[in-house]
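Coordinate analysis (summary)
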Amino acid sequence: MRTLLLLACVLFMPYLAADTLHEVKMLNMNATGPMPFEPDFLAINPGDSIRFIPEHRGHNVGTIKNFIPEGAATFMSKIDEDFTTQFTLEGWYGLRCPPHYTMGMVMLVKVGNPSIDQLVLPDDLPAAALERFNTIIDQHVAVTR
Ligand SMILES: [Cu+2]
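Quick caveat, the model's predicted, so the values are computed rather than measured. (Residues numbered from 1 in each chain as written. Predicted model: local features only at pLDDT ≥ 70, side-chain atom pairs only at ≥ 80, totals over all residues. Heavy atoms only, no water.)

With respect to the overall build of the chain
When helices and strands are counted, the chain shows two helices and ten strands. Secondary structure elements of the chain occur, N-terminal to C-terminal, as α-β-β-β-β-β-β-β-β-β-β-α. Out of the 145 residues belonging to the chain, those deemed buried represent 43%. Long-range contacts, defined here as pairs at least 24 residues apart, represent 65% of the contacts in the chain between residues at least 6 apart. If you sum the accessible surface of the chain, you get close to 8600 Å²; carbon and sulfur atoms cover 55% of it. (Helix = DSSP H or I, 4+ residues; strand = E, 2+ residues; numbered from the N terminus. Buried < 20%, exposed > 50% of the residue type's maximum accessible area, 1.4 Å probe, protein only. Contact = heavy atoms within 4.5 Å. Areas by Shrake-Rupley, 256 points an atom, 1.4 Å probe, with all protein chains shown as cover.)

Details of the nonpolar core
Among the nonpolar cores identified, the biggest contains 21 residues, and Phe37, Phe52 and Leu95 are the most heavily contacted of them. Broken down by secondary-structure element, the contributors of at least two residues to this core are β1 (21–26), β5 (41–44), β6 (49–54), β9 (91–96) and β10 (106–111). Among the elements that make up this core, the one with the highest residue count is β10 (three residues). With 15 residues, the next largest nonpolar core counts Ala129, Phe133, Ile136 and Val141 among its residues. (Core = buried A, V, L, I, M, F, W, Y, C linked by side-chain atoms within 4.5 Å.)

Focus on the sheet that holds strand β4 (residues 37–38)
Across a sheet, strands are paired by hydrogen bonds formed along the backbone, either parallel or antiparallel in direction. Ordered by their spatial adjacency, four strands build an open sheet running β4-β1-β6-β8, and the pairing between neighbours is mixed. Each end of this open sheet is capped by a strand with a single partner; those strands are β4 and β8 (83–86). (Pairing = 2+ DSSP bridges.)

Considerations on the UniProt feature "binding site: Cu cation" (unreviewed entry) in the chain
The sites that UniProt annotates as "binding site: Cu cation" (unreviewed entry) are His59, Cys97, His100 and Met105. On the basis of their most widely separated C-alpha atoms, the annotated residues across 47 residues gather in one place, lying no more than 9.5 Å apart. Locating cysteine 97 in the fold gives a position in the loop between β9 and β10. Judged by its relative accessible area of 0%, cysteine 97 falls in the buried class. Not counting the four nearest positions on each side in its chain, cysteine 97 is found in contact with Phe37, His59, Asn60 and Met105. Here methionine 105 is to be found in the loop between β9 and β10. Those residues in contact with methionine 105, other than ones at most four positions away along the chain, are Met26, Leu27, Met35, Pro36, Phe37, His59, Leu95, Arg96, Cys97 and His100. (UniProt positions renumbered as here; feature names shortened; annotations may be inferred.)

Concerning the packing of aromatic side chains
On inspection of all chains with the given rule, the structure shows five aromatic pairs. Here the aromatic residues Phe75, Phe83, Phe87 and Tyr93 are joined through ring pairs into a cluster of three or more. Positioned above the aromatic ring of tyrosine 101 is the side chain of arginine 96, whose terminal nitrogen or guanidinium carbon lies 5.0 Å from the ring centre. (Phe/Tyr/Trp six-rings, centres within 6.5 Å; stacked < 30°, edge-to-face > 60°. Lys NZ or Arg CZ within 6 Å of the ring centre and 35° of its normal.)

As for the coordination of the copper ion
Around the copper ion, the protein contributes the donor atoms His59 (ND1), Cys97 (SG), His100 (ND1) and Met105 (SD), at 2.0 to 2.5 Å from the metal centre. Each of the four donor atoms around the copper ion contributes to a set of angles spanning 96 to 128 degrees, which defines the coordination as tetrahedral. Written as a sequence motif, the donor residues of the copper ion are H-x37-C-x2-H-x4-M. With histidine 59 in the loop between β6 and β7 (62–63) and methionine 105 in the loop between β9 and β10, this residue pair connects regions lying 46 residues apart in the sequence. Assigned by exposure class, histidine 59 and methionine 105 land together as buried. (Donors = N, O, S within 2.8 Å, 3.2 Å for Na, K, Ca; no water. Tetrahedral: all angles 85-135°; square planar, octahedral: opposite > 155°, others 65-115°.)

Spelled out as structure tokens, the structure:
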């Protein structure tokens, strides 16, 4: 029994490993167009962190009002700051770069396995942000909505 338990521990060790650190670059341009987060979609586990790297100057990252799970903390980095934050609550997080929000500089983070019904876009998104979210959802959140 003890051997079995030990074996189980060894086999599942990778899954019990420390929370993962993901990296997102903030850029002026990439193949998807101007002012992107790269990647602009991440599916992560509760407890994971994301490091936002200002590869180009003039960017920062913050939560979008009414586009984070109930009870989740808002955050806002400083311009040009290398910023890391942890996501503990399951749900959908809409993030933006405030200086380029109206140009559609947004990304979507899926933490855990929230239901698709919980993915509700705020109705006051700038047009370009709404467009990019819809593209992200079409590409990464395969559902018929
Ligand atoms: Cu930006």
